[in-house]
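Descriptive analysis of the structure
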Amino acid sequence: MTSTMDSKTGAAGGAKSGPRVRFAPSPTGYLHVGGARTALFNWFFARHEGGTMILRIEDTDAERNKPELVEGILEGLRWLGIEWDEGPYHQSERTELYRAAAQKCLDNGSAYLCYCAAERYAGGDHAEEEGAGGKVRRVVRCACRDGKPTSAEGQPGVRFKVPLGGTTRFQDAVFGAREFSNEEIEDFVLLRSPRGEETAGQPTYQLAAVVDDIAMRITHVIRGADHISNTPKQVLLYGALGAEPPVFAHLPLILGADRTRLSKRHGATSVTSYRDEGFLPEAFRNFLALLGWSAGGDQEFLRTSELIGKFSLEHVLRTNGVFDRAKLEWFNTQYLQKLPIEELLPEVEAELKRSKLWKEEWASGAGHEWFAKTVDLLRPRVRLLPDFSSWSRAFFSDEFSYNEAAREKFWKKEPRLPEFLGQLAGALEALAEWNHDACEHALRGVAEAAGVKAGVLINATRVAIVGEAVAPPLFESMLALGRERVTGRLRAALPAVQESCKA
Ligand code: GLU
């Protein structure tokens with residue numbers, strides 16, 4: 001991920017042919033689900049087409065941007081496994097380029113100096129009038145456009161001169177032909193008029209995005225449908241700067257379960273919060289991919305390599321995607337169960353490191369083999385990565401506690417349970433061989449002699465050796481733990497079992 005562009009001149013380098021796309025977040029917040037989906041689709045497209053993905057930080061609005069948020073956005077992208085080829089470029093370092101472009105528009109008559117205070121246009125260059133059918137939206141053309149400034153004090157801003165008649169069209173790769181009446185497009189600002197020292201001559205998003213998309217030779221602009229209304233302005237700007245517009249592909253919106261646009265009201269929307277909860281990045285990618293795209297057919301479980309292989313803009317949907325948390329969880333369990341074990345192990349290792357349960361001996365050799373087998377045993381019951389350190393803790397640590405509900409359910413019923421568990425420990429110690437059938441035979445033998453159902457002993461033993469009622473099959477758990485641990489834990493549990501029996 002290296003810069004191959006001169007950040008001051010904007011001359012794009014890069015040897016690859018093929019399309020060039022960009023993900024262009026503004027550091028006004030964290031990387032949210034919608035932004036992540038946009039980044040992902042750009043990346044799928046670039047990888048599918050053998051093209052280049054550029055990361056561009058759109059930080060021209062000094063008042064709204066927080067530089068410290070950039071690192072969080074990069075962290076979210078890295079967690080998602082999105083690898084950009086160029087950048088990150090920072091628009092804040094390229095101001096001269098935007099000023100030169102605004103000057104070019106002034107010189108060729110497609111822009112004008114505007115002396116009006118910014119406040120006059122706050123909320124958009126629109127006015128509303130009472131008409132026969134209610135409120136009518138009307139675009140206000142600034143008086144400065146006709147060389148009649150309302151005031152000529154201070155430094156002016158620069159506005160684009162939208163043609164007075166006609167339409168502006170573009171062909172959207174997803175939504176088809178789009179046409180906007182120029183009457184509906186305000187004379188948008190290219191360079192702001194000063195609002196104090198810091199904002200003097202500050203380029204707007206419209207200007208900076210187009211100048212960069214030209215300089216970076218962007219061929220496809222893939223972004224959220226909330227940007228459709230910006231596109232006619234940008235198309236006009238391309239024309240004024242003498243450049244061909246790229247292909248635009250707008251992605252449908254992402255809605256919450258109540259069918260309103262996804263926002264914080266719907267719960268977590270930051271990508272890193274899903275990482276912190278313990279989702280697998282590939283499951284998250286698969287889930288996001290299907291929010292607004294479909295491979296056709298009903299296959300949903302698609303590994304990232306398959307998504308890249310199948311991705312095309314033609315299959316981006318026009319219907320809005322609905323963020324369904326239950327579906328995301330379903331994807332996570334699917335990946336936990338189906339990934340080749342060697343691909344899952346690093347994730348579990350990272351989880352155990354976070355919870356300080358990791359032992360270096362599991363990194364290689366026999367220790368690694370044991371680790372792989374144990375994770376394989378546990379994974380059908382795991383929903384999120386932290387489950388490996390919570391309910392499966394006893395597989396990785398000797399320090400665990402007995403689940404209260406499990407104790408209540410399985411240790412209380414049979415008053416002679418401590419006696420039987422002691423006998424089981426003895427029988428297991430005496431086994432000539434330590435394997436599944438031998439363990440089962442030993443347990444059934446003790447149950448029969450005691451006159452209790454095997455199930456009673458199985459459940460009680462499970463709580464004693466792993467602390468939980470819900471855990472992998474008992475005899476496989478015994479093998480994973482090893483004889484010494486199992487018999488040691490059975491004996492160590494006796495006082496607690498006794499206490500439960502008496503209660
Ligand atoms: N900086 C814009 C955003 O964060 C990107 C718009 C675009 O992709 O053109 O929404």
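Residues numbered from 1 in each chain as written. Predicted model: local features only at pLDDT ≥ 70, side-chain atom pairs only at ≥ 80, totals over all residues. Heavy atoms only, no water.

Counting its secondary structure elements, the protein contains 18 helices and 14 strands. Every one of the 503 residues in the protein was classed for burial, and the buried ones make up 50%. By sequence separation, contacts in the protein at least 24 residues apart represent 74% of the contacts at least 6 residues apart. A total of about 22,900 Å² of accessible surface is found on the protein, and carbon and sulfur atoms cover 51% of it. (Helix = DSSP H or I, 4+ residues; strand = E, 2+ residues; numbered from the N terminus. Buried < 20%, exposed > 50% of the residue type's maximum accessible area, 1.4 Å probe, protein only. Contact = heavy atoms within 4.5 Å. Areas by Shrake-Rupley, 256 points an atom, 1.4 Å probe, with all protein chains shown as cover.)

With respect to burial, helix H4 (residues 205–215) is a largely interior element, 8 of its 11 residues being buried. The elements touched by buried residues of H4 are strand S1 (20–23), strand S2 (52–57), helix H3 (95–107), strand S10 (189–191), strand S11 (220–224) and helix H5 (231–240). Immediately downstream of H4, the backbone of Arg217 shows phi near 55°, a positive value.

Okay, the side chain of Arg56 next. If you trace the backbone, Arg56 turns up in strand S2. There is a polar contact of 2.8 Å between the side chain of Arg56 and the side chain of Glu58. Sequence-distant contacts of Arg56, defined by excluding residues within four places in its chain, comprise Arg22, Phe23, Ala24, Pro25, Tyr89, Gln91, Ala209, Asp212, Asp213 and Met216. (Polar contact = N/O pair within 3.5 Å; in protein donor to acceptor, adjacent residues only side chain to side chain.)

With that settled, consider the nonpolar core. Core analysis: the largest hydrophobic core is formed by 147 residues, its most contacted members being Phe388 and Trp411. The dominant element in this core, judged by the number of residues it contributes, is helix H1 (residues 33–49), at 9 residues. Within the second largest apolar cluster, 5 residues are counted, among which are Tyr112, Cys114, Cys142 and Cys144. (Core = buried A, V, L, I, M, F, W, Y, C linked by side-chain atoms within 4.5 Å.)

On to the site of the ligand, then. In the vicinity of the ligand, the contacting residues are Arg22, Ala24, Pro25, Ser26, Glu58, Tyr205, Arg223 and His227. Here an oxygen atom of the ligand sits 2.7 Å away from a polar atom, N or O, in the side chain of Tyr205. Between the ligand and His227, the relevant distance is 2.9 Å, taken from an oxygen atom to a side-chain nitrogen or oxygen of the residue. When the ligand is considered free in solution it has 300 Å² of accessible area, and contact with the protein chains removes 79% of it. The class makeup of the residues in the shell around the ligand is 3 nonpolar, 2 polar and 3 charged. (Near = heavy atom within 4 Å. Nonpolar A, V, L, I, M, F, W, Y, C, P; charged D, E, K, R; others polar.)

This model, assessed by the stated rule, comprises 26 aromatic pairs. Measuring from ring centre to ring centre gives 5.6 Å for Trp358 and Trp362, while their planes differ by 80°; the resulting arrangement is edge-to-face. When sorted by exposure, Trp358 lands in the same class as Trp362, which is buried. Arranged with centres 5.9 Å apart and planes meeting at 90°, the rings of Phe400 and Tyr402 form a pair that is edge-to-face. (Phe/Tyr/Trp six-rings, centres within 6.5 Å; stacked < 30°, edge-to-face > 60°.)

For Thr487, the location among the structural elements is in helix H18 (residues 483–502). By relative accessible area, which is 7% here, Thr487 ends up buried. Along the primary structure Thr487 and Gly426 are separated by 61 residues, whereas in three dimensions their C-alpha atoms are 7.8 Å apart. Not counting residues within four places of it along the chain, the set of residues in contact with Thr487 comprises Ala425, Leu428 and Glu429.

Overall, the coordinates contain 32 salt bridges when judged by the stated rule. Between Glu86 and Arg20 there is a salt bridge, with its nearest N and O atoms 3.2 Å apart. Of this pair, Glu86 sits in strand S3 (residues 86–90) while Arg20 is found in strand S1, placing the two residues 66 residues apart along the sequence. Summarising the burial analysis for this pair, Glu86 and Arg20 share the class buried. (Salt bridge = Lys/Arg side-chain N within 4 Å of Asp/Glu carboxyl O.)

With that out of the way, let us pick up the packing of helix H7 (residues 281–289) against helix H9 (residues 325–338). Where H7 contacts H9, the two axes come as close as 9 Å, and the packing angle between them is 135°. For the element pair H7 / H9, the angle class is oblique. In this structure, H7 meets H9 at a crossing whose hand is right-handed. On H9, the residues that touch Glu282, Ala283, Phe284, Asn286 and Phe287 of H7 are Lys327, Leu328, Phe331, Asn332 and Tyr335. (Axes fitted to C-alpha atoms, helices over the stretch in contact; angles between N-to-C directions. Parallel < 35°, antiparallel > 145°, perpendicular 65-115°, else oblique. Left-handed = near helix turned anticlockwise from the far one by under 90°.)

Within a sheet, each strand pairs with its neighbour through backbone hydrogen bonds, oriented either parallel or antiparallel. Pairing within the open sheet is antiparallel, and its 3 strands lie in the order S4-S7-S10. The sheet is open, and its two borders are formed by strand S4 (111–114) and S10, each paired with just one other strand. If you compare each strand with its neighbour and ignore which way they point, the axes differ by 40° on average. (Pairing = 2+ DSSP bridges.)

With that settled, consider helix H14 (residues 417–429). Turn by turn, an α-helix covers 3.6 residues, leaving residues three or four places apart pointing in a common direction. If you check H14, its first and last C-alpha atoms are 18 Å apart, about what 13 residues at 1.5 Å a residue would give, namely 18 Å. Among the residues of H14, those classed as buried are Leu417, Pro418, Phe420, Leu421, Gly422, Leu424, Ala425 and Leu428. In this fold, the buried residues of H14 make contact with helix H13 (404–410), helix H15 (436–450), helix H16 (454–466), helix H17 (474–481) and H18. (Expected span 1.5 Å × (residues − 1).)

This next bit is on the environment of Ala430. Here Ala430 shows up in the loop between H14 and H15. Overall, Ala430 belongs to the exposed group, its relative accessible area being 64%. When the C-alpha atoms of Ala430 and Ala442 are compared, they prove to be 9.3 Å apart, with 12 residues separating the residues in sequence.

The next point concerns the state of the cysteines. In this structure the tally under the stated criterion is 0 disulfides. Not part of a disulfide, Cys144 finds its nearest cysteine sulfur in Cys142, a span of 3.4 Å. (Disulfide = S-S within 2.5 Å.)

With that settled, consider the confidence of the model for the protein. Averaged over every residue, the pLDDT of the protein is 91; the share at 70 or more is 90%. pLDDT under 50 marks residues 121–126. Its contacts with residues more than four places away, or in other chains, come to 16 contacts. (pLDDT = per-residue confidence, 0-100.)

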